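# Structure at a glance
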Amino acid sequence: MHKNAVILAVIVIFIGLNISIGYIAFAAEPDYIISMVPNVNSVYRGNSLSYDLTLTSIRDFESKIDVKVNDVPEGVDVVVESKGAMLSSEEDLIFKVNVKVDSEAPAGLYDIVIEANGNGLVRSATSQLNIIGTDQIIVVIEDFWYFPNNLTIRAGSEVIWVNKDFAAHTATANNGEFDTKLLQQNQVSLAIVFDKVGIYPWFCVPHPQMVGAVKVVE
Ligand SMILES: [Cu+2]
């Protein structure tokens, strides 16, 4: 064989090899995506609501789907209607996520995380549940943070802060409208009543990186 023909053959084989390696690397596997709307849902204690969880097949992914819900606060019950569900490449699979919030559930903003498992492939979606407080809401201070640190309450409700830390903390309004003063360990603040609709951010005087906010609604 001519020397040039050999070189050409080597080049052709080299390019061919690269194309097939590239193809193997980029050939995408069947997959699916999962989403939950709305992103945030507000609910008064003692009420229920539901989310839509949508699963969409990509590249003809088909499988039986199992779902799991993360830990939610006590008093909140999350049930996904998904029994025996199959995801097909033909159409989206839509589950109802039913959330029941009992009258003792803690006010605050919580994540609802749904994990779907289709044939070992796990995908998850997150939506927030904003439990609106009524009457009296307790904010616990622990490990240099407020729980909840972001809460919505009905106008006329009151908030009290309880400090579980060894360190002393405050909850002091940015606009100066309220101040728990320094709370020692296990000390409970006076109740702060929120009558006016608005957003009231607060912080801790000794630890200004500790922040929170109350949103007051009608
Ligand atoms: Cu503090």
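We now turn to the structure provided with this report.

Reading the values: the criteria
- Residues numbered from 1 in each chain as written.
- Predicted model: local features only at pLDDT ≥ 70, side-chain atom pairs only at ≥ 80, totals over all residues.
- Heavy atoms only, no water.
- Donors = N, O, S within 2.8 Å, 3.2 Å for Na, K, Ca; no water.
- Buried < 20%, exposed > 50% of the residue type's maximum accessible area, 1.4 Å probe, protein only.
- Patch = residues over 30% accessible without salt bridge, like charges linked within 9 Å, V, L, I, M, F, W, Y side chains within 5 Å.
- Areas by Shrake-Rupley, 256 points an atom, 1.4 Å probe, with all protein chains shown as cover.
- Salt bridge = Lys/Arg side-chain N within 4 Å of Asp/Glu carboxyl O.
- Lys, Arg positive; Asp, Glu negative; His and termini not counted.
- Charge placed at Lys NZ, Arg CZ, Asp CG, Glu CD.
- Helix = DSSP H or I, 4+ residues; strand = E, 2+ residues; numbered from the N terminus.
- Contact = heavy atoms within 4.5 Å.
- Polar contact = N/O pair within 3.5 Å; in protein donor to acceptor, adjacent residues only side chain to side chain.

## Notes on the coordination of the copper ion
By definition of the ideal shapes, four donors in a tetrahedron about a metal sit 109.5 degrees apart, and six donors in an octahedron sit 90 or 180 degrees apart. Looking at the metal site, the copper ion is ligated by His169 (ND1), Cys204 (SG) and His207 (ND1), spaced 1.9 to 2.1 Å from it. In terms of primary sequence, the donors binding the copper ion are separated according to H-x34-C-x2-H. Of the two residues, cysteine 204 and histidine 207, neither departs from the other in class, the shared state being buried.

## Comments concerning a negative patch on the surface
On the surface, Asp60, Glu62, Glu90, Glu91 and Asp92 cluster together into a negatively charged patch. Counting through the fold element by element, glutamate 91 comes out in the loop between β6 (86-87) and β7 (93-101).

## Observations concerning the pattern of salt bridges
Taken as a whole, this structure holds four salt bridges when the rule is applied. Of the charged contacts, one joins arginine 123 and aspartate 31 as a salt bridge, the two residues approaching to 3.1 Å between their closest N and O atoms. Linking arginine 123 in strand β9 (residues 121-132) with aspartate 31 in strand β1 (residues 31-37), this pair joins segments that are 92 residues apart in sequence. Taking the shortest distance from any N to any O, the salt bridge between aspartate 66 and lysine 64 comes out at 3.0 Å.

## Let's talk about the side chain of serine 82
With respect to the helices and strands, serine 82 occurs in the loop between β5 (76-80) and β6. Leave out the neighbours within four places in its chain, and serine 82 touches Ile65, Val67 and Phe95.

## A few points about the side chain of threonine 170
Mapped onto the elements, threonine 170 comes out in the loop between β13 (157-163) and β14 (172-173). At 2.8 Å, the side chain of threonine 170 forms a polar contact with the side chain of threonine 172. Side-chain polar atoms of threonine 170 contact the backbone nitrogen of valine 205, separated by 2.9 Å. Leaving out residues up to four positions away in the same chain, threonine 170 has contacts with Tyr146, Asp179, Thr180, Lys181, Leu182, Phe203, Cys204, Val205 and Pro206.

## Remarks on unusual backbone geometry
Omega for the bond connecting valine 37 with proline 38 falls within 30 degrees of zero, at -5°, which places this linkage in the cis form. Along the chain, the position of proline 38 falls in the loop between β1 and β2 (40-44). For the bond from phenylalanine 147 to proline 148, the omega torsion is -5°, close enough to zero to count as cis. Within the fold, proline 148 resides in the loop between β11 (145-147) and β12 (150-154). Even without being a glycine, arginine 59 presents a positive backbone phi close to 55°. Looking at the secondary structure, you find arginine 59 in the loop between β3 (48-58) and β4 (63-69). In the Ramachandran plot, lysine 181 falls in the positive-phi region, its phi being about 65° despite a non-glycine side chain. Within the secondary structure layout, lysine 181 lies in the loop between β14 and β15 (192-194).

Nothing here speaks to function; it is all geometry.
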